[in-house]
Amino acid sequence: MADEQDLLLPIANVGRIMKQIPPPSAKISKEAKETMQECASEFIKFVTGEASEKCQRESRKTVNGDDICWVLSALGFDDQAEAIVRYLHKYREFERERLNQRVQNEVDSTRTKSGASDYKCIQAGKQTETPTPLLLFEITNQNGNSSLTKPF
């Protein structure tokens, strides 16, 4: 029984979500929470399995948010898929901005510690006074999503 429970969503989380809909005075039975827990967990497993099969057909090993959205649309959950696509877009934009800020902070910190005139670069084993340029690489995957790597 414990192994089966490990495969389900936490019952407390399910109950917390369920309490958001009815009036505050309404009670939700333990049986109703358990039924919803099993249904929601099964739905997540099904959607994830379909997304995994899509990835296998495309010779990919990693399921991403776009795959989940595709499955939801294919199953007729277009409204939910659109909401998740909007969320993914905002999330990726936020992560990109956060990475850019972190990179800028590292660059600023490095320049503050050493001073711009103290930069040295090594070319073919010789030190020169020319500062090393900051290189950021943008990687674009097959879906057109891009991300920045750390400076080199």
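One can find the structure itself at the top, above this paragraph.
Residues numbered from 1 in each chain as written. Predicted model: local features only at pLDDT ≥ 70, side-chain atom pairs only at ≥ 80, totals over all residues. Heavy atoms only, no water.

Asks: Sorry if this is basic, but what is going on with the environment of Glu34 here?
Replies: The residue Glu34 is located in helix α3 (residues 30–57) in this model. As for Glu34 and Ile11, which are separated by 23 residues in sequence, their C-alpha atoms are 6.9 Å apart. (Helix = DSSP H or I, 4+ residues; strand = E, 2+ residues; numbered from the N terminus.)

Asks: So what exactly am I meant to see when it comes to unusual backbone geometry here?
Replies: Peptide bonds are, in most cases, trans, and in most cases residues other than glycine have a negative phi. Of note in the backbone geometry, Ser59 takes a positive phi value of approximately 55° without being a glycine. Mapped onto the fold, Ser59 is located in the loop between α3 and α4 (65–74). The exposure class assigned to Ser59 is exposed, which follows from its relative accessible area of 68%. (Buried < 20%, exposed > 50% of the residue type's maximum accessible area, 1.4 Å probe, protein only.)

Asks: Just to check I follow, could you spell out the packing of aromatic side chains for this structure?
Replies: One pair of aromatic rings is described through two measures. These are the centre distance and the angle between the planes. A full pass over the atoms with the stated rule returns two aromatic pairs. Taken together, a centroid distance of 6.2 Å and an interplanar angle of 20° make the contact between Tyr87 and Tyr91 stacked. Here Tyr87 pairs with Tyr91, and both are found in helix α5 (residues 78–114), just four residues apart, close to one helical turn. Judged by relative accessible area, Tyr87 falls into the exposed class, the value being 54%. What makes Tyr91 partly exposed here is its relative accessible area of 40%. The cationic tip of Lys54 hangs over the ring face of Trp70; the distance from NZ or CZ to the ring centre is 5.3 Å. (Phe/Tyr/Trp six-rings, centres within 6.5 Å; stacked < 30°, edge-to-face > 60°. Lys NZ or Arg CZ within 6 Å of the ring centre and 35° of its normal.)

Asks: What's the story with α4 in this structure? I'm lost.
Replies: Residues that lie three or four places apart on an α-helix share one face, since the helix turns once every 3.6 residues. Along α4, the positions that sit buried rather than exposed are Asp67, Cys69, Val71 and Leu72. At the N-terminal boundary of α4, the capping side chain belongs to Asn64, with an oxygen 2.9 Å from the backbone nitrogen of Asp66. At the C-terminal side of α4, Gly76 shows a positive phi close to 95°. (Polar contact = N/O pair within 3.5 Å; in protein donor to acceptor, adjacent residues only side chain to side chain.)

Asks: Sorry if this is basic, but what is going on with the packing of α3 against α4 here?
Replies: A packed helix pair is summarised by two numbers, namely the angle formed by the two axes and the spacing between the axes. Direction vectors running N to C along α3 and α4 enclose 110°, while the axes themselves pass 9 Å from each other. It follows that α3 is roughly perpendicular to α4 by the angle criterion. In the crossing of α3 with α4, the sense of the turn from one axis to the other is right-handed. For the pair formed by α3 and α4, the contact residues are Phe43, Val47, Thr48, Glu50, Ala51, Lys54, Cys55 and Arg57 on the first element and Asp67, Ile68, Trp70, Val71 and Leu72 on the second. (Axes fitted to C-alpha atoms, helices over the stretch in contact; angles between N-to-C directions. Parallel < 35°, antiparallel > 145°, perpendicular 65-115°, else oblique. Left-handed = near helix turned anticlockwise from the far one by under 90°. Contact = heavy atoms within 4.5 Å.)

Asks: Would you take a moment to explain the packing of helix α2 (residues 11–18) against α3 for this structure?
Replies: Remark: α2 packs on α3, axes separated minimally by 9 Å, with the N-to-C direction vectors making an angle of 105°. The angle between the axes of α2 and α3 places the two elements in the roughly perpendicular class. Only Ala32, Lys33, Glu34, Met36 and Gln37 of α3 make contact with α2, whose side of the interface consists of Ile11, Val14, Gly15 and Met18. For the contact of α2 with α3, the residue count by class is five nonpolar, two polar and two charged. (Nonpolar A, V, L, I, M, F, W, Y, C, P; charged D, E, K, R; others polar.)

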